[in-house]
Amino acid sequence: MSKKIEKIGVMTSGGDSPGMNAAIRSVARTCAFHNIECVGIYRGYEGMIEGDFTDLTARNVKGIINKGGTVLKSARSKEFRTPEGRKKAYNALIEKGIDALVTIGGDGTFNGALIFNQEFNFPVIGIPGTIDNDIYGTSHTLGYDTALNTVVDCIDKIRDTASSHNRLFFVEVMGRDAGHIALNVGIGAGAEEILIPEEDLGLERLLDSLRRSKKSGKSSSIVVVSEGDKIGKNVFELKDYVEENMIEYEVRVSVLGHMQRGGSPSCFDRVLASRMGVKAVESLMEGQSNYMVGLLSDKIVLTPLEKAVKGKSKINKELIRVSDIMTT
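Remember, predicted model here, so these are calculated numbers, not experimental data.

Q: Provide a residue-level description of the side chain of Ser254, including the pertinent values.
A: Along the chain, Ser254 turns up in strand E9 (residues 250-255). By relative accessible area, Ser254 is classed as buried at 17%.

Q: Tell me about the pairing of strand E4 (residues 100-105), and please be specific about residues and values.
A: Every other side chain in a regular strand lies on the same face of the sheet, so the side chains alternate between the two faces. Counted residue by residue, E4 has six buried out of six residues, so it is predominantly covered. Residues Ala100, Val102 and Ile104 point to one face of E4 and Leu101, Thr103 and Gly105 to the other, with burial holding for every one of them. The sheet contact formed by strand E1 (residues 7-12) and E4 spans five bridges and is parallel. Within the sheet, the bridge partner assigned to Thr12 lies in E4 and is Ile104. One ladder, built from five bridges, connects E4 with strand E5 (residues 124-128); its direction is parallel. Of the residues in E5, the one forming a bridge with Thr103 is Gly126. Handedness of the crossover joining E4 and E5 through helix H4 (residues 107-120): right-handed.

Q: With reference to specific residues and values, describe the side chain of Asp99.
A: Relative to the helices and strands, Asp99 is located in the loop between helix H3 (83-96) and E4. Here Glu6 takes part through its backbone nitrogen, which lies 2.8 Å from a polar atom of the side chain of Asp99. With near-sequence residues (within four places) excluded, Asp99 lies in contact with Lys3, Lys4, Ile5, Glu6, Lys7, Phe122 and Pro123.

Q: Would you mind going over the pattern of salt bridges in detail, with residue names and values included?
A: Tallying each qualifying case throughout the model produces 16 salt bridges. Residue Asp52 pairs with Arg43 through a salt bridge whose shortest N-O separation is 3.0 Å. Residue Arg43 is classed as partly exposed on the basis of its relative accessible area of 24%. Lys310 is paired through a salt bridge with Glu306; the nearest N and O atoms lie 3.0 Å apart. Here Glu306 and Lys310 lie together in helix H10 (residues 305-310), a separation of four residues that amounts to about one turn. Counted as one network, the salt bridges with shared partners bring together Arg43, Glu50 and Asp52.

About the thresholds
- Residues numbered from 1 in each chain as written.
- Predicted model: local features only at pLDDT ≥ 70, side-chain atom pairs only at ≥ 80, totals over all residues.
- Heavy atoms only, no water.
- Helix = DSSP H or I, 4+ residues; strand = E, 2+ residues; numbered from the N terminus.
- Buried < 20%, exposed > 50% of the residue type's maximum accessible area, 1.4 Å probe, protein only.
- Pairing = 2+ DSSP bridges.
- Right-handed = clockwise from strand over helix to strand, strands pointing away.
- Polar contact = N/O pair within 3.5 Å; in protein donor to acceptor, adjacent residues only side chain to side chain.
- Contact = heavy atoms within 4.5 Å.
- Salt bridge = Lys/Arg side-chain N within 4 Å of Asp/Glu carboxyl O.

If you want it as structure tokens, here you go:
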């Protein structure tokens, strides 16, 4: 029989994303509901090693559901990658009386939790928080929906300028290894072309597409580029190539960067974070460990952490087809 959970630690790690604070709040209030103590761990695994803890109650997490970023901060930890560092972290948790962990982050966070569990048999549950939506076992990660809305709003504004000056804009969005953001916002913002890592469009096909747009009467165009797209070394190289081969276009580049990670979370992300936090705490209470909480077919489900780390999220092929039709 598994040990009764009396105190749960919660931490955020890796890149921040809107919805992390809502998840922290959900974990703290679910603990309070079940008469379990909750401890916030500052600065991820680095703070765990240093024992940088704070007690969380239902009351002192008020007013954070609407805030972007993470009140518990986030940091990379080289020391946690060593057995000695993980041993320090374990000792700090034991000294504080923490029985289980909820880790909020991406695959790096989950990989650390997986190794930690294997070495010390310490109960862990992961909540996926990353705007890239590149985690296996969930249709939506925390922050993804908010990032989509932020980017669409930015592209709508850029289009106003593109139309006014008859310009072609390359808009680079986040997504080093996955094109989920680019594909969805490209369709949502009515982009003339979408470049993602999963589909190698090729430079000549890009030119053909832009020529067709020009021939059909379009005086301005938006091309959404995922930062991990492979057809050019970077978005500026794409700009130079198009300018050399299509002198009729005045080309500009807009790299949206970290603004995509910020801002108040959408209602969807707030509700998702609340659901995931409840599931994480109650799963630990039931003796479940080494799982990630995810959303599939609008149901909150558990996926083994190992699968979440090793699996690959797949791009929606139907959306690619829709994109091809919409960019005609």
